[in-house]
Amino acid sequence: MIRRKKIRSKSTPTPPANGLPSSSPEPPRTPEPVPFLVAATREEVSQHAMIHSITTGTFEDVKFYLFSRRTRSGTRVDTPRPLFANSSLICKASPHFELVFSTGFAESGTSDMDAPFPRNRAAFAENYDYLEDSDLDDDPGDVGTDAALKGNAADMKRVTIQPTAFAGPSALLASSEPENALMENTAEDRDNTVTDPKSTPVPSSDESGGGGKGAVATTTSAGRKGRVVFVEDFAYRTWEAFIFYAYFGRVTFAPLRSQEKLYSTVRTNPFEPPPCSPKSMYRLAEKYGVEHLKALALEDLGSKMTTRNILVELFSPFTVTYNTVQAAELRYLHSQVAQEDLLQDLARWLGYLEEGKLPRGSAAIFHQLLLKNVRPRAW
């Protein structure tokens, strides 16, 4: 008996409804995080990204939106601005982003990176958990302590804390963050520096009149595919410095406002990293597990402690939040506490604690200080 072999016919693709072959090209794909990059050095990852860009024409494949301004009410952040980066280098800096970019998250899909800020997304946030963030610009219409701290010169800012005219810890704590007054460009500076249409800020909720929705950014090109990520808990300036760190392993920190230093808002060296607040960068490094960057920020904070600003920094909302920073500043205070002027300041800050003017957790700091300095005596 002869068995006939069954010949399987090759499946024919179903033709389009109009009977014509499809001529639309498949959109370019955003490269997925490559597993071997975990063991690679930063230089090797950078070379990998460069090689990919040679064949695709695109180095940046992820776009971040971040808020850049604190409104005059002090309770809201707005003016989202875009930053572009290479996802492989970002993932190398923090493995957290491999999870963010993986399948199942909103950020894992691709979209048009050159599209304006989406109309259906609020261009402001009410729940920003670090409103003292000095990497946020202040609304130009701000008045009061912050406005008084801003110098008249366009390119230089001075921050001075006058102990004789001290108005209470609330004013001083608000000014303990460095870089708002130190780094904020004037309106004229911003008008002159924003030349790339892709980097033009989105109109704020106050300017758009739409409660933050419907605000759009200006752009001139379209069609570049990649991921778009909305970061709502860090400032534009902090993220810009983080991207630079992810690329080159370098970071520059601005002075603390409590240092009473002059600081130029104009970057005279185009090869230097964009400066940022060491406190803001510590927050970012803590959240994303970038231990080397966190150590750099902590080291910088420690180098900027003096007997004049230690109490301002120790009882700031930032220090109360992070135990490691608190411990480092307590060690410095313990080493200097015998100085007469510091003892007098401590008595005054104890009064602020009694009046309820210090952030929650300040009593525990005083307790730790007492444990370090009060020793039992033999009666």
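Residues numbered from 1 in each chain as written. Predicted model: local features only at pLDDT ≥ 70, side-chain atom pairs only at ≥ 80, totals over all residues. Heavy atoms only, no water.

Draft legend 1. View of the overall build of the protein. The helix and strand inventory of the protein stands at 16 helices and 8 strands. Put simply, the protein has 379 residues, and 42% of those count as buried. In the protein, the proportion of contacts linking residues at least 24 apart, taken out of those at least 6 apart, comes to 76%. With the model as given, the accessible surface of the protein reaches about 20800 Å², and the carbon-plus-sulfur share is 54%. (Helix = DSSP H or I, 4+ residues; strand = E, 2+ residues; numbered from the N terminus. Buried < 20%, exposed > 50% of the residue type's maximum accessible area, 1.4 Å probe, protein only. Contact = heavy atoms within 4.5 Å. Areas by Shrake-Rupley, 256 points an atom, 1.4 Å probe, with all protein chains shown as cover.)

Draft legend 2. Inspection of the pairing of strand 1 (residues 62-70) at higher detail. A large share of strand 1 lies buried, amounting to 9 of its 9 residues. One ladder, built from 8 bridges, connects strand 1 with strand 2 (residues 77-85); its direction is antiparallel. Within strand 2, the residue paired with arginine 69 across the bridge is aspartate 78. Summarising the sheet, strand 1 and strand 7 (residues 225-235) pair through 6 bridges and their orientation is parallel. By the bridge assignment for strand 7, phenylalanine 67 is matched with alanine 235. (Pairing = 2+ DSSP bridges.)

Draft legend 3. Just the environment of threonine 307, in detail. Along the polypeptide, threonine 307 turns up in the loop between helix 11 (291-303) and helix 12 (310-314). Beyond its immediate stretch of four places on either side in the chain, threonine 307 contacts Tyr332, Gln336, Gln339, Asp341 and Leu342.

Draft legend 4. Molecular detail of the pairing of strand 2. Counting buried positions along strand 2 yields 8 of 9 residues, so the element is predominantly enclosed. Here strand 1 hands over to strand 2 after 6 residues, with glycine 74 in that stretch at a positive phi of 80 degrees. Here strand 2 pairs with strand 4 (residues 124-125) via 2 bridges, running antiparallel. Within the sheet, the bridge partner assigned to aspartate 78 lies in strand 4 and is phenylalanine 124.

Draft legend 5. Region of the structure containing the packing of helix 10 (residues 278-288) against helix 11. Following both chains from N to C, one finds helix 10 and helix 11 inclined at 155 degrees, their axes separated by 8 Å at the closest point. Judged by the angle between their axes, helix 10 and helix 11 are roughly antiparallel. In terms of crossing hand, the pair formed by helix 10 and helix 11 is left-handed. Touching Pro278, Lys279, Met281, Tyr282, Ala285 and Glu286 of helix 10 are Leu293, Lys294, Ala297, Leu298, Asp300 and Leu301, all from helix 11. Residues of the contact of helix 10 with helix 11, tallied by class, amount to 8 nonpolar, no polar and 4 charged. (Axes fitted to C-alpha atoms, helices over the stretch in contact; angles between N-to-C directions. Parallel < 35°, antiparallel > 145°, perpendicular 65-115°, else oblique. Left-handed = near helix turned anticlockwise from the far one by under 90°. Nonpolar A, V, L, I, M, F, W, Y, C, P; charged D, E, K, R; others polar.)

Draft legend 6. Local environment of helix 10. For helix 10, the tally of buried residues reaches 9 of 11 residues, placing the bulk of the element in the interior. Positive backbone phi, approximately 70 degrees, marks glycine 289, located one or two places after helix 10.

Draft legend 7. Focus on the nonpolar core. Ranked by internal contacts, the top residues of the largest apolar core, which has 68 residues, are Phe64, Trp239, Phe242 and Met281. Ranked by residue count, the leading element in this core is helix 9 (residues 236-248), at 8 residues. If near-sequence neighbours (up to four positions away) are discounted, methionine 281 is found in contact with Thr238, Ala241, Phe242, Val251, Phe253, Cys276 and Leu293. Membership of the second largest hydrophobic core comes to 5 residues, among which are Tyr65, Met113, Phe117 and Ala123. (Core = buried A, V, L, I, M, F, W, Y, C linked by side-chain atoms within 4.5 Å.)

Draft legend 8. Representation of the packing of aromatic side chains within the structure. A complete count under the given rule lists 22 aromatic pairs for this structure. An angle of 50 degrees between the planes, with centres 5.1 Å apart, marks the rings of phenylalanine 318 and tyrosine 322 as tilted. Like phenylalanine 318, the residue tyrosine 322 is buried in the burial classification. With centroids separated by 5.5 Å and ring planes inclined at 85 degrees, the aromatic side chains of tryptophan 349 and tyrosine 352 adopt a geometry described as edge-to-face. Of the two residues, tryptophan 349 and tyrosine 352 both sit in helix 15 (residues 340-354), 3 residues apart, roughly one turn of that helix. (Phe/Tyr/Trp six-rings, centres within 6.5 Å; stacked < 30°, edge-to-face > 60°.)

Draft legend 9. Spatial organisation of the pattern of salt bridges. Going through the model one piece at a time under the given rule, you end up with 17 salt bridges. Among the ionic pairs, aspartate 129 bridges to arginine 283, the shortest N-O distance being 2.9 Å. On the criterion of sequence distance, the pair formed by aspartate 129 in the loop between strand 4 and strand 5 (137-138) and arginine 283 in helix 10 is long-range, its members being 154 residues apart. Residue arginine 283 is classed as buried on the basis of its relative accessible area of 8%. Measuring nitrogen to oxygen at the nearest pair gives 2.9 Å for the salt bridge that ties lysine 294 to glutamate 286. Lysine 294 sits in the buried class, given a relative accessible area of 16%. Salt bridges sharing partners connect three or more residues here, namely Arg69, Arg72, Asp78 and Asp139. (Salt bridge = Lys/Arg side-chain N within 4 Å of Asp/Glu carboxyl O.)

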